[in-house]
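Structure at a glance
This is what each chain is made of:
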Amino acid sequence: MSSLPAATAKETIFNQEVVTRFELYNSLFLTLPFYQVKDTGILLPFFSAHCEKGTAALQSPMEIIGSFFDKHVPGIGKEEQINRLFRFIQYIERQVVLFDAIEDASFSKLNRTDETGTLTSLIQHTSISTTNFDKVKQKLERLSLRLVLTAHPTQFYPGPVLGIITDLTEALKHNDINSINLLLQQLGKTPFLNKESPTPVDEALSLIWFLENVFYHTVAGIESRIGQEFALTDPQHQLLELGFWPGGDRDGNPNVNVDSTQTVAETLRHVIFRCYYRDFRVLKRRITFRGVEEPMQQLEALLYTNAFNPPEQPEDLQQEMLNILQSVVNTLNQNHDGLFTDVLNNFIHKVRLYGCYFATLDIRQDSRVLRKVFEYGIDRPEINTGLKSDYMTLNEDDKLYTLTFNSADFNCTQAEDAEALVKDALCTIRLMRSIQQANGEKACNRFIISNCQEASDILQLMNLFLWTGWQQDALCIDFMPLFETVNDLANAARVMETLYQHPVYQQHLKLRGNHQSIMLGFSDSTKDGGYLMANWSIYKAKVELTALAKRYSIDLAFFDGRGGPPARGGGKTHRFYAAMGKEIANEHIQLTIQGQTVSSQYGSAETARFNIEQLLNAGLISALHPEHNDLLDNRHKELLSVMAEASYDAFNQLRVHPVFTEYLENLSPLTLLSNANISSRPTKRNADGPLKLEDLRAISFVTAWSQLKQNIPGFYGMGTALQKIKQAGAWEEIKELYRKSGFFNTMIDNCMMSMSKSDFRITAYLAEDVKYGEFWRMLKDEFELSKELLLALTESEAMMQNSPVEKHSIALRERIILPLVTIQHYALALMQNAANTEIEATCKKLAIRTVYGIVNAGRNLA
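The shown structure was predicted, so the numbers you read here are calculated from the model rather than taken from an experiment. Every residue gets a number counted from 1 within its own chain, in the order that chain's sequence is written. Local features in this predicted model are restricted to residues whose pLDDT is 70 or higher, and side-chain atom pairs enter the listing and the counts only when it is 80 or higher, whereas totals over whole chains, interfaces and linings include all residues. Computation of side-chain values covers all heavy atoms of the structure but excludes hydrogens and water.

Attention now moves to the overall build of the chain. Looking only at helices and strands, the chain features 34 helices and 9 strands. Our radius of gyration looks at C-alpha atoms and nothing else; its globule reference is 2.2 Å times the residue count to the power 0.38. Relative to the 2.2 N^0.38 estimate, which gives 29 Å for 862 residues, the radius of gyration of the chain is 28 Å and therefore close to what a compact globule would have. Overall, the C-alpha framework of the chain stretches about 80 × 70 × 60 Å when taken along its three principal axes. The classification of residues rests on relative accessible area computed with a 1.4 Å probe and restricted to protein chains. Under 20% of the type maximum is buried, over 50% is exposed, and intermediate values are partly exposed. Counting every position in the chain, which comprises 862 residues, the buried fraction comes to 61%. Counting from the N terminus, the helices are the DSSP runs of H or I reaching at least four residues and the strands are the DSSP runs of E reaching at least two.

Take a look at the structure:
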């Protein structure tokens, strides 16, 4: 009997392991300890079906909910109706958790049918060919992958809920009914909401949970296995690296300050020593031989002290720990037949990998703030900058010529007259040196300049370091420009060439091994120019910056600021990296792991291992498949430029529409996100000012559209662009590009994923609205045009036809949360017409409560 095709087999497993088990375990919710939960459990299926029927009939949320209560619960007042809706929300939130847990529990079975891109498949592939083995080994000796965890406000599960999900997933793997029942009951009594907004340190602690419980073992295990399989011997080369933004990323977040940065750095140190101490206790039970007592006691005392009684003046102890461990290894080899040296070597590998810092704490600040700091420093006589007071009025060339790079030792405590952001920046720059002294250089050696527009933004920051006690020949900092908007991406090569030609920066790069990291932001470029233009602008910038780096012999790394959804650089991320042709530097992969992506893709050792291996495999494509050539020829680049411009024009026409901002303010929960207590960061820059699109954070922008079930940032302009190509007679060429170009193929597939999470039926009642009708029809028409042409381009009958399991999963999730979306629109409509402030406040709470479940169900919506 022939075996089923992989896709069909995977669908069968999904139906058996996920769909059937969800239906089975969902019945356990009838016992959840909510007030009148049995009544809620009985009514919810009727409410869900009523929402589906009403949505299909293009009814408004007011009509759907009003007719539901008239039919199923007649005679109750408005207050009791709203109470019932709150209970529905509680119920659905936990249904989403159950579905997440069942999918996660089925992960290994679902992916067993296709091991492409895993470490096992890589080893098998290279074991049959010495040539392939050598090529992959050479590539691994240069390759690096850095995952940077960020505290963006899209992770809506509080810590206790994450712990329950972990335990529930494990119980589901074994179909342990009793444990599942108890955990679901615990889930019912555990709050999903924070009473107050988390502080930056709270956010850090939440993400450190993943470092300690998932990444610590998983990253070390992958790197150790690759090192053994491919005989990698260079102890200085680190294949896998971890980065961390909570407590260091102060771009537009007034709540991040020097105290939170210091606390997070100290916490990362405490936690890594705690991990080491746990490992040591296991190690101690095996290393029980004569001759090792003294070094083992010495190591135990060192680990215990730093884990539980940290010294006031901590020091970098990485080398001391390695020396002690190596002495034990030597004794075991000499006197005890090398017994248990493999266990010791694994521990040594972790100490080499994580040092005393666990993950590199990146510092990020906006160039506009840093310019203010520099202007403040110019006028300080203690610094003796050698600059005239009119420096800030000079043009760029004159600024570069004038900069002096004088050294000073200005202490931020002297800056009593400075505004808070200026003082914080000066204190943070000084703190970075203290963190390096305590935890090691890698603990805090990257400074990212957001909104970087000129070379002077980087060079002025270098001066700030020199003014605050750093020495030019010991400036162990990587200065990293972040280019985000469409214009900044177009100017990136010019800015970097100016830096590469500057003698002082040349000397600094030499000190840093001629390594330069450049960050590119997907989120803001999408908000600025739309999905297609953002992706094309970043691709073009990478090509130009790679050619420039080769010309100046620079070891270039691109650090991609990717969010969860395709509109913010997410989706099938590994496919983007696999699709990068030889025109784009690919020795170093660096990307942010944000919000929901942390828990959905790296929430367990199993999922983290799979996704890290996929990214590593993407970086090895050029070695595994030397014939792989994803270069775009001039004609294809011309076509993509035409498409990007057409899409950009369409998106900009939408942005300048008179009701654009008002539509988001009144019909989505955008203005309520700051009340959701999910983040320490405001939803927009200039938090106290009126809502302006340029101040609105990309995350809030994308989240608002996803709540509307319109996902405009993920597709708008695509239909217009494809139509222009078709009208120009180049349709067959663009179809060929889809078949042959991994970059274009991935971009199109991610766009269709984003559209699969859209449902314009929910807002169809707006079609004839006096105020918003014309605008809504613009959105709907572009959606339908995009859908029609994307299906024709991909020769498909339905969206995501080639990813049936993912398509089915999305459909089930959308079905679960349809009542939440309906309730949200109902609550927002009631708010607009509230008779008094009490009703308005209740409706606001109701709308906010729906946000959590909608985003969590999407897994990469925000």
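Right, picking up where we left off after that structure.
It is worth spelling out the sheet that holds strand 1 (residues 144-150) at this point. Only strands that DSSP links by at least two bridges are regarded as paired with each other. Strand order in the open sheet formed by 9 strands is 3-2-1-9-8-7-6-5-4, and the pairing between neighbours is parallel. Each having just a single partner strand, strand 3 (360-361) and strand 4 (363-366) make up the two edges of the open sheet. Sheet analysis places strand 4 next to strand 5 (residues 446-450), joined by 4 bridges and oriented parallel. Bridge pairing in strand 5 links Gln365 to Ile449. Contact between two residues is taken to exist if any of their heavy atoms lie within 4.5 Å; hydrogens are not considered. Where helices are involved, their axes are fitted lines through C-alpha atoms of the stretch in contact, as for all axes, and angles between N-to-C directions lie from 0 to 180°. The sheet contacts of helix 10 (residues 200-229) involve strand 1 and strand 2 (240-244), and relative to strand 2 the element is tilted by about 175°.

Residue position: Lys189 is located in helix 9 (residues 177-189). Accessibility expressed as a relative area gives 64% for Lys189, which makes it exposed. Through-space distance from the C-alpha of Lys189 to that of Val373 is 49 Å; in sequence the pair is 184 residues apart.

Most of strand 5 sits inside the fold, with 5 of its 5 residues counted as buried. With burial as the criterion, each face of strand 5 is covered, one bearing Arg446, Ile448 and Ser450 and the other bearing Phe447 and Ile449. Pairing between strand 5 and strand 6 (residues 478-483): 4 bridges, direction parallel. In the sheet register, Ile448 faces strand 6, and the bridge partner there is Met480. Seen with its strands pointing away from the viewer, a crossover is right-handed when the path leading from the first strand over the helix to the second is clockwise. In this region the chain leaves strand 5, passes through helix 18 (residues 455-467) and returns to the parallel neighbour strand 6; the handedness of that crossover is right-handed.

Turning our eyes to something else, we now look at the packing of helix 3 (residues 61-72) against helix 4 (residues 78-105). Helix 4 packs onto helix 3 with a crossing angle of 105° between their chain directions and a minimal axis gap of 12 Å. One element, helix 3, and the other, helix 4, form an angle in the roughly perpendicular class. Across from Ile65, Phe68 and Phe69 in helix 3, the residues of helix 4 making contact are Gln81, Arg84, Leu85 and Phe88. Looking at the contact of helix 3 with helix 4, its residues break down into 5 nonpolar, 1 polar and 1 charged. Relative orientations are named as follows: roughly parallel for angles under 35 degrees, roughly antiparallel for angles over 145 degrees, roughly perpendicular for angles from 65 to 115 degrees, and oblique for any other angle. Asp, Glu, Lys and Arg are counted as charged, while Ala, Val, Leu, Ile, Met, Phe, Trp, Tyr, Cys and Pro are counted as nonpolar; the rest, among them Gly, fall into the polar class.

Bringing the state of the cysteines into the picture now. Here, the word disulfide means a covalent bond between the sulfur atoms of two cysteines. Note on terminology: pairs of cysteine sulfur atoms within 2.5 Å are recorded as disulfides. Here the structure, examined in full by the defined rule, presents 1 disulfide. The closest cysteine sulfur to the non-disulfide-bonded Cys444 is located on Cys476, 12 Å from its own sulfur. Overall, Cys444 belongs to the buried group, its relative accessible area being 0%. Cys444 provides the cysteine sulfur closest to Cys452, a residue in no disulfide bond, and the two sulfurs are 19 Å apart.

Another aspect to go through is the pattern of salt bridges. Take a side-chain nitrogen of Lys or Arg and a carboxyl oxygen of Asp or Glu: if they are within 4 Å of each other, that pair is a salt bridge. In total, this model carries 42 salt bridges according to the counting rule given. Two residues, Lys771 and Glu662, come together in a salt bridge whose shortest N-O distance is 2.2 Å. Taken together, the residues Lys771 in the loop between helix 31 (742-756) and helix 32 (773-794) and Glu662 in helix 27 (residues 660-667) connect sequence positions 109 residues apart. Residue Lys771 is classed as partly exposed on the basis of its relative accessible area of 45%. Since its relative accessible area comes to 25%, Glu662 is described here as partly exposed. Its salt-bridge partner being Lys735, residue Glu795 comes within 3.0 Å of it at the nearest N-O pair.

Moving on, we get to the packing of aromatic side chains. Working definition: a ring pair exists when centres of Phe, Tyr or Trp rings (six-membered ring for Trp) sit within 6.5 Å. Plane angles under 30 degrees give stacked, over 60 give edge-to-face, the rest tilted. If you walk through the whole model with that rule in mind, you get 40 aromatic pairs. When the centroid spacing of 5.6 Å and the interplanar angle of 85° are considered together, the rings of Tyr277 and Phe308 count as edge-to-face. Taken together, the residues Tyr277 in helix 11 (residues 258-284) and Phe308 in helix 12 (residues 293-308) connect sequence positions 31 residues apart. Its relative accessible area of 12% is what places Tyr277 among the buried residues. Over a ring means this: the NZ of a Lys or the CZ of an Arg is within 6 Å of the ring centre and within 35 degrees of the ring normal. Above the plane of the ring of Phe192 lies Arg94, whose end atom (NZ or CZ) is 4.1 Å from the centre. Over the ring of Phe559 we find Arg446, and its NZ or CZ is 5.0 Å from the ring centre.

A word on the environment of Ile589. The residue Ile589 is located in strand 9 (residues 588-594) in this model. On the basis of relative accessible area, Ile589 is assigned to the buried category, the value being 4%. Between the C-alpha atom of Ile589 and that of Arg146, which follows or precedes it by 443 residues, the distance is 6.2 Å. Beyond its immediate sequence surroundings of up to four residues, Ile589 is in contact with Ser144, Leu145, Arg146, Tyr577, Leu615 and Gly619.

Grouped together as the largest cluster of nonpolar side chains are 279 residues, with contacts concentrated most on Phe215, Phe244 and Phe447. For this core, the leading source of residues is helix 4, giving 14 residues. If near-sequence neighbours (up to four positions away) are discounted, Phe244 is found in contact with Val148, Leu149, Ala204, Leu207, Ile208, Leu211, Val264, Leu268, Ala359, Thr360, Leu361 and Asp362. Trp245, Ile448, Leu482 and Met519 belong to the second-largest nonpolar core, a separate cluster that totals 7 residues. By nonpolar core we mean a set of buried residues, namely Ala, Val, Leu, Ile, Met, Phe, Trp, Tyr and Cys, connected to one another through side-chain atoms within 4.5 Å.

Regular strands place side chains that alternate from one sheet face to the opposite one. Of all the 5 residues making up strand 2, 5 are buried; the element is thus mostly covered by neighbouring parts of the structure. Alternating residues of strand 2 divide into Leu240, Leu242 and Phe244 and Glu241 and Gly243, and every residue in both groups is buried. By the bridge criterion, 5 bridges tie strand 1 to strand 2 in an arrangement that is parallel. Bridging across to strand 2, Val148 finds its partner in Gly243.

This part takes up unusual backbone geometry. Positive phi, close to 55°, is recorded for Asn451, a residue that is not glycine. With respect to the secondary-structure elements, Asn451 resides in the loop between strand 5 and helix 18. On the basis of relative accessibility, which here comes to 11%, the residue Asn451 falls in the buried class. Of note, the phi angle at Glu795 is positive, near 55°, even though the residue is not glycine. With respect to the helices and strands, Glu795 occurs in the loop between helix 32 and helix 33 (804-832).

With that out of the way, let us pick up the confidence of the model for the chain. Per-residue confidence from the prediction method is given by pLDDT, with values spanning 0 to 100. Looking at the chain as a whole, its pLDDT mean stands at 89, while 92% of the residues score no less than 70. Mean pLDDT across the elements of the chain ranges from a minimum in helix 23 (residues 573-578), with 77, to a maximum in strand 3, with 98. Counting contacts from residues 564-570, a segment whose pLDDT is below 50, to residues more than four positions away or on other chains yields 40 contacts.

Okay, the side chain of Arg446 next. Within the secondary structure, Arg446 is located in strand 5. Any pair of nitrogen or oxygen atoms within 3.5 Å is treated as a polar contact; in protein, a donor-acceptor pairing is required on top of that, and neighbouring residues in sequence qualify only through side-chain atoms on both sides. Side chain to side chain, Arg446 and Asp362 meet in a polar contact 2.9 Å long. Here Gln590 takes part through its side chain, which lies 3.0 Å from a polar atom of the side chain of Arg446.

With that settled, consider the packing of helix 15 (residues 367-378) against helix 18. Close contact between helix 15 and helix 18 brings their axes to 10 Å; oriented N to C, the two are set at 50°. Taken together, helix 15 and helix 18 sit at an angle that is classed as oblique. By crossing handedness, the relation of helix 15 to helix 18 is classed as left-handed. Residue-level contacts link Ser367, Leu370, Arg371, Val373, Phe374, Gly377 and Ile378 of helix 15 to Asp457, Gln460, Leu461, Asn463, Leu464 and Trp467 of helix 18. The residue makeup of the contact of helix 15 with helix 18, split by class, is 7 nonpolar, 4 polar and 2 charged. A clockwise turn of the near helix away from the far one marks a right-handed crossing, whereas an anticlockwise turn of less than a right angle marks a left-handed crossing.

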